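Observations on chain architecture
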Amino acid sequence: MSSFAVKTANGDCPYVGLPVFPSRAFRHHSIYVRTDRDITRPEDLKGKRIGVPEYQVTANVWVRAMLEDDHNVKPSDVTWVRGGYEQPGRVEKIALRLPPDVRVEDAPAGSTISGLLASGEIDAVIGPRAPSCFVNHHLQVRWLYPDPAGAAAAWYRKTSIFPIMHIVGIRRTLADQHPWLPAAVMKAFEQSKARALAKMADVAASKVTLPFIEEQLLAARRLMGEDFWSYGLEANRHVLEVFLTRHHAEGLSSRLLTPDALFHPSTHEAHRV
């Protein structure tokens, strides 16, 4: 979502979007902190050095929105240290023009974000996946939120936001040649999702290698309604508006995009299956 918004705002994106979202995730589990830095609540991140794989990745946009809106921790309140999680040398894929009060440093040559957190050279990490030092049970690295799922559920009740990570895109050249294609592809994804959910709900023989699927489905529907993983523009307009407003306010997108601007016009209407 973030890279797509950057390029769409610049007018040089070779893809047009479909309001189909194959990846969504609450990001309360995406903040990892040192246990020896007196960080017990989000507000304690102020003044800290936080590692990120890239500043503009979608997961980090959502986390910064959550930190500022709920805890008054602004991007300018911390120092961001950018680098590869497990391999040194990762750089920002897209050129950014950030506000002057936002401090972003590159990780020292040869170092990794996970290694810096493990050694205590940074205080926290925010990113879409867990650093290896957390996965390997480093004694001084933990989640910021002791119960990320509970915190995320409370946040959803307050905001009605299920964060979107990725969207489906079609090359503009193809969409121009075949104007029927975007709506047809969207309809296919809707049908696929319906079949997948029906199979997931059949617990006589589990289709997912994870326990408690029936209980998880019931909990998701109680919290978020029957269509908890919704596709379509109107069903997700609020989520998209929050993201795009934040994205532009952070200086990531050169202009404020509307949700409609992301998607092919033929997909703006809902397609029921």
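Report follows, based on the coordinates. (Residues numbered from 1 in each chain as written. Predicted model: local features only at pLDDT ≥ 70, side-chain atom pairs only at ≥ 80, totals over all residues. Heavy atoms only, no water.)

Where helix 1 (residues 2–10) meets helix 9 (residues 237–249), the axes come as close as 11 Å, and the angle between the chain directions of the two elements is 65°. The angle between helix 1 and helix 9 falls in the class roughly perpendicular. Seen from above, helix 1 lies across helix 9 with right-handed handedness. In contact with Ser2, Ala5 and Val6 of helix 1, helix 9 contributes Phe243, Leu244 and His247. Of the residues that constitute the contact of helix 1 with helix 9, the class distribution is four nonpolar, two polar and no charged. (Axes fitted to C-alpha atoms, helices over the stretch in contact; angles between N-to-C directions. Helix = DSSP H or I, 4+ residues; strand = E, 2+ residues; numbered from the N terminus. Parallel < 35°, antiparallel > 145°, perpendicular 65-115°, else oblique. Left-handed = near helix turned anticlockwise from the far one by under 90°. Contact = heavy atoms within 4.5 Å. Nonpolar A, V, L, I, M, F, W, Y, C, P; charged D, E, K, R; others polar.)

To continue, consider the nonpolar core. Ranked by size, the top nonpolar core spans 62 residues in total, and within it Ile31, Leu45, Trp80, Ile126 and Leu262 carry the most contacts. Ranked by residues supplied to this core, first place goes to helix 2 (residues 58–71) with six residues. In contact with Ile31, not counting residues within four places along its chain, are Leu45, Val63, Met66, Leu67, Val125, Ile126, Arg142, Trp143, Leu144 and Tyr145. Among the nonpolar cores identified, the runner-up in size contains 12 residues, and Val81, Tyr85, Ile122 and Val141 belong to it. (Core = buried A, V, L, I, M, F, W, Y, C linked by side-chain atoms within 4.5 Å. Buried < 20%, exposed > 50% of the residue type's maximum accessible area, 1.4 Å probe, protein only.)

The tally for this structure, following the rule as stated, stands at nine aromatic pairs. Consider the rings of Trp62 and Phe243, whose centres lie 5.4 Å apart with planes at 45°: the pair is tilted. On the criterion of sequence distance, the pair formed by Trp62 in helix 2 and Phe243 in helix 9 is long-range, its members being 181 residues apart. What makes Trp62 buried here is its relative accessible area of 3%. Classification of Phe243 as buried rests on a relative accessible area of 1%. One aromatic cluster is present, formed by Phe26, Trp155, Tyr156, Phe162 and Trp229 through successive ring pairs. The ring of Tyr55 carries the charged tip of Arg64 above its face, separated from the ring centre by 3.7 Å. One residue, Arg64, lies across the ring of Trp80, its end atom 5.6 Å from the ring centre. (Phe/Tyr/Trp six-rings, centres within 6.5 Å; stacked < 30°, edge-to-face > 60°. Lys NZ or Arg CZ within 6 Å of the ring centre and 35° of its normal.)

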